[in-house]
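One letter stands for each residue in the lines below.
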Amino acid sequence: VLGIPLALATLLILCVLTSFNCWSVVRWKRRHAADRRDVTYADLGELAYGRRFRAFVMFCVCATQLCVCTVFFSFIGENVSAVLRAVAPGTVLDDNRVVISLVLPMAMLLSCAPNLRVLAPATALGMVLLFLGFGCIGGIIGRNWADRPDDLPTVDLARIPLAMC
């Protein structure tokens, strides 16, 4: 809808505003709550503008986190479904909604951890699997290196979706 130049300009403006906001929050915390390490965005909102603003900040943080998690789950569902459609077509896991429904309980279980120390084994397993995946991709590239095309693919910039920007 916006086109690539306007989308990039909008992205740049959002980056500047977000960076300024983060810098302002850190500067305000250093001035007014330097003695406390456990200050949250909601605490800063309450210190700056009162109790009602604390509730507003908590709502905004929760809404932002929910939006990010929704996009992340959609990303997981679509990618895992695409792989399963290529590996085992015709199964129930071809549908990204089924994959998301199967991933959601595991993510909810991880979110119930009382502290980050409890997540250390899951994080270590995730890192091992990530590097194993990189190794598999590297091995596949190495095995197919001789069969690569000589010409670079052509790209029509007008057809690249804005999500790629």
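To be clear, the structure that these remarks concern was listed above.
First, a word on scope: everything that follows refers to the structure included in this document. (Residues numbered from 1 in each chain as written. Predicted model: local features only at pLDDT ≥ 70, side-chain atom pairs only at ≥ 80, totals over all residues. Heavy atoms only, no water.)

## So, the overall build of the protein
Looking only at helices and strands, the protein features five helices and zero strands. Ordering the α and β elements of the protein from the N terminus gives α-α-α-α-α. Compactness check: the protein gives a C-alpha radius of gyration of 22 Å against a globular reference of 15 Å for 165 residues, more than 25% above the reference. Principal axes of the C-alpha set define a box for the protein whose edges measure 65 × 45 × 30 Å. Within the span of the protein, comprising 165 residues, buried residues form 10% of the whole. Considering only contacts within the protein whose residues lie at least 6 apart along the sequence, 25% involve residues at least 24 apart. Just so you have it, the protein exposes about 13900 Å², and 70% of that area is on carbon and sulfur atoms. Taken as two groups, the 15 positive and 11 negative side-chain charges of the protein have centres that lie 14 Å from each other. (Helix = DSSP H or I, 4+ residues; strand = E, 2+ residues; numbered from the N terminus. Rg over C-alpha atoms; globule rule 2.2 N^0.38 Å. Buried < 20%, exposed > 50% of the residue type's maximum accessible area, 1.4 Å probe, protein only. Contact = heavy atoms within 4.5 Å. Areas by Shrake-Rupley, 256 points an atom, 1.4 Å probe, with all protein chains shown as cover. Lys, Arg positive; Asp, Glu negative; His and termini not counted. Charge placed at Lys NZ, Arg CZ, Asp CG, Glu CD.)

## A word on a nonpolar patch on the surface
Judged by side-chain polarity, M127, L130, F131, F134, I137, I141 and W145 come together as a nonpolar surface patch covering roughly 730 Å² of accessible area. Locating I137 in the fold gives a position in helix α5 (residues 120-143). (Patch = residues over 30% accessible without salt bridge, like charges linked within 9 Å, V, L, I, M, F, W, Y side chains within 5 Å. Salt bridge = Lys/Arg side-chain N within 4 Å of Asp/Glu carboxyl O.)

## Here's the deal with the side chain of D43
Residue position: D43 is located in helix α2 (residues 41-49). Only 2.5 Å separates the side chain of D43 from the side chain of R54, close enough to count as a polar contact. (Polar contact = N/O pair within 3.5 Å; in protein donor to acceptor, adjacent residues only side chain to side chain.)

## Observations regarding the packing of aromatic side chains
Per the stated rule, a full pass over the model turns up five aromatic pairs. On the numbers, 4.9 Å between centres and 65° between planes, the contact of Y49 with F53 is edge-to-face. Centre to centre, the rings of F53 and F56 are 5.6 Å apart; their planes meet at 40°, and the pair counts as tilted. Linking F53 with F56, this pair stays in helix α3 (residues 51-87), spanning three residues, or about one helical turn. A relative accessible area of 30% means that F53 is categorised as partly exposed. The structure contains a cluster of three or more aromatic residues connected by ring pairs, namely Y49, F53 and F56. (Phe/Tyr/Trp six-rings, centres within 6.5 Å; stacked < 30°, edge-to-face > 60°.)

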